[in-house]
Amino acid sequence: MNHPNRTQLQFTKVAKLLFCVGAIALLSLAAACQNNTSSGSGLKIGTLLSVTGDLSQFGASMQDSASLLVKTVNECGGVLGQPVQLIAENDQTSPPAGAAAMTKLAEVNRVGGVVGATGSSVSSAAVDIAVRNGVVQISPSSTSPIFTQRAKKGDFQGFWFRTAPPDNFQGEALAKLARARGFKTVSVLAINNDYGRGLVNSFTSAFTPLGGKVLNQAKPTYYPPDASSFESEVAAAFRGNPDAVLLVAYPETGSLILKAAYQQGLLGKKTQVMLTDGMKDLKIAELVGRNAQGGYITTGMIGTSASAGGAALKQFSDRYKTAHHNRQPTVYAPNTWDAAAVIVLAAEAAKSSSGAAIKDKIREIANPPGQNVSDVCQALSLIRQGQQINYQGASGNLDFDSQGDVTGNYDVWTIDKNGQLKVVSTISVRGS
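As a starting point, this report considers the structure included with it.

Thresholds applied
Residues numbered from 1 in each chain as written. Predicted model: local features only at pLDDT ≥ 70, side-chain atom pairs only at ≥ 80, totals over all residues. Heavy atoms only, no water. Pairing = 2+ DSSP bridges. Helix = DSSP H or I, 4+ residues; strand = E, 2+ residues; numbered from the N terminus. Axes fitted to C-alpha atoms, helices over the stretch in contact; angles between N-to-C directions. Salt bridge = Lys/Arg side-chain N within 4 Å of Asp/Glu carboxyl O. Buried < 20%, exposed > 50% of the residue type's maximum accessible area, 1.4 Å probe, protein only. Disulfide = S-S within 2.5 Å. Phe/Tyr/Trp six-rings, centres within 6.5 Å; stacked < 30°, edge-to-face > 60°. Lys NZ or Arg CZ within 6 Å of the ring centre and 35° of its normal.

### A look at the sheet that holds strand β2 (residues 85-90)
Next up, step 1: One open sheet holds the 5 strands; their spatial order is β2-β1-β3-β4-β5, and the pairing between them is parallel. Bordering the open sheet on either side are β2 and β5 (160-162), each of which pairs with just one other strand. Direction aside, neighbouring strands of the sheet carry axes that sit 20° apart on average.
Next up, step 2: The pairing of strand β3 (residues 113-116) with strand β4 (residues 136-139) spans 3 bridges and is parallel. Paired with valine 114 across the bridge in β4 is glutamine 137.

Now the structure itself:
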């Protein structure tokens, strides 16, 4: 092997030095770029909603509502001086898909807050991922009481909220409705997930002290979320001719259940049908279909859903219809607008886009005291001026308790002969 001379050695040393200096400069530049990206990225919000699956009748409108809120906020200056970024994920009404999507939002996109999930079973699969990563999760529609119970145990460390009241409140509303209609015996038919089981339990607990009897309390009739035929479940729920059957379902499977009940000749007789918020779809009459006389099968059925009567409701509804060619928002669209608004306002108040900072400011901007304000852009302006606010949402007052729950009233709704949903009264609840 040949040895290099002194000139070659000196040249080699200089070249190596220049290479090292250049490499260090490049690494420093890369680090600087990363730091700039991190510090300048602004607020990122994720949505985890059911654009497909059994809850897609609600999820699409909910996604539209979150997008509209972010568009509105960005048109009036954004948050922390920058546009808000919205990253949308479809939970497919599937717990595994929801968990995977939350992992992406939290660990890859690094959002500060997530609006969702739609269904309670998906939120159950996603919430621990959010908590582990310090991400605020606000569901507009996951109403299972299990979240209240877990929050009381400290499982969520303050990162969980929802803008719809829990089902122990709806269970009480349903029980009051049943007794007001003179129903002494009720059987339950429910989807076998957190939503269905939680609502059956809360209804039974509220109905029995009022003098009512759940005929199948010892063995409630549950159906699998992925079922496609329901003849045996329908027959079991209507057995014994109860005064009413409480159907806890979502539109896709719930409509098939009502069709099966009609085909078995069980509708239009002694037993009435009571529905829950999960079935309050503007197209539910069309989904179920018509009877032999040409009338809607669902005519006269009654149900409950959380009232959406907040100070911002008209403003939200007008904006939504303008943006979507006069299309009406669905039942949980106002709650979705509010969930996104709360994250935005808390981030501005915290002067930070991190989930930990956002969660600590949510009650400050949503609960009394503070100046009542329902316009999200006005609310942002007041916060920037250093004023304390009490945000009044589209779905309600949004006063969050220590478990992240809000309270409210429930609408009693029915389906008229034209297949239209009509609110006929309101029931006040205290919660249990």
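Let us keep going from here.
### Topic: the pattern of salt bridges
Next up, step 1: By the definition in use, this model includes 13 salt bridges.
Next up, step 2: For lysine 71, the salt bridge is made with glutamate 75, and the minimal N-O distance between the two is 2.7 Å. Placement of the pair is lysine 71 and glutamate 75 together in helix α2 (residues 56-75), with a separation of 4 residues, close to one helical turn.
Next up, step 3: For lysine 71, a relative accessible area of 49% translates into the label partly exposed.
Next up, step 4: Residue classification places glutamate 75 among the exposed positions, given a relative accessible area of 56%.
Next up, step 5: Residues glutamate 364 and lysine 361 are paired through a salt bridge, measuring 3.2 Å at the closest nitrogen-oxygen approach.
Next up, step 6: Classification of lysine 361 by relative accessible area gives partly exposed; the value is 24%.

### Observations concerning the state of the cysteines
Next up, step 1: Applying the stated criterion across every chain, the model contains 1 disulfide.
Next up, step 2: Through a disulfide, cysteine 76 is tied to cysteine 377; the S-S separation comes to 2.2 Å. Measuring the twist about the S-S bond at about -85°, one finds the cysteine 76-cysteine 377 disulfide to be left-handed. Here cysteine 377 lies in helix α15 (residues 376-384) and cysteine 76 lies in the loop between α2 and β2, a separation of 301 residues in the sequence.
Next up, step 3: The class of cysteine 76 is partly exposed, set by a relative accessible area of 24%.
Next up, step 4: Note on cysteine 377: relative accessible area 18%, which makes it buried.

### Let's talk about the packing of aromatic side chains
Next up, step 1: The full count for this structure, using the stated rule, is 9 aromatic pairs.
Next up, step 2: Ring geometry for phenylalanine 147 versus phenylalanine 156: centroids 6.5 Å apart, planes at 40°, classification tilted. Here phenylalanine 147 matches phenylalanine 156 in class, with each residue buried.
Next up, step 3: A ring pair is formed by tyrosine 223 and phenylalanine 230, whose centres lie 5.2 Å apart and whose planes are at 85°; its orientation type is edge-to-face.
Next up, step 4: Phenylalanine 230 sits in the buried class, given a relative accessible area of 2%.
Next up, step 5: Its guanidinium or amino end placed over the ring of tyrosine 296, arginine 290 lies 4.1 Å from that ring's centre, counting from NZ or CZ.
Next up, step 6: The ring of phenylalanine 159 has lysine 359 lying over it, and the distance from NZ or CZ to the ring centre is 5.2 Å.

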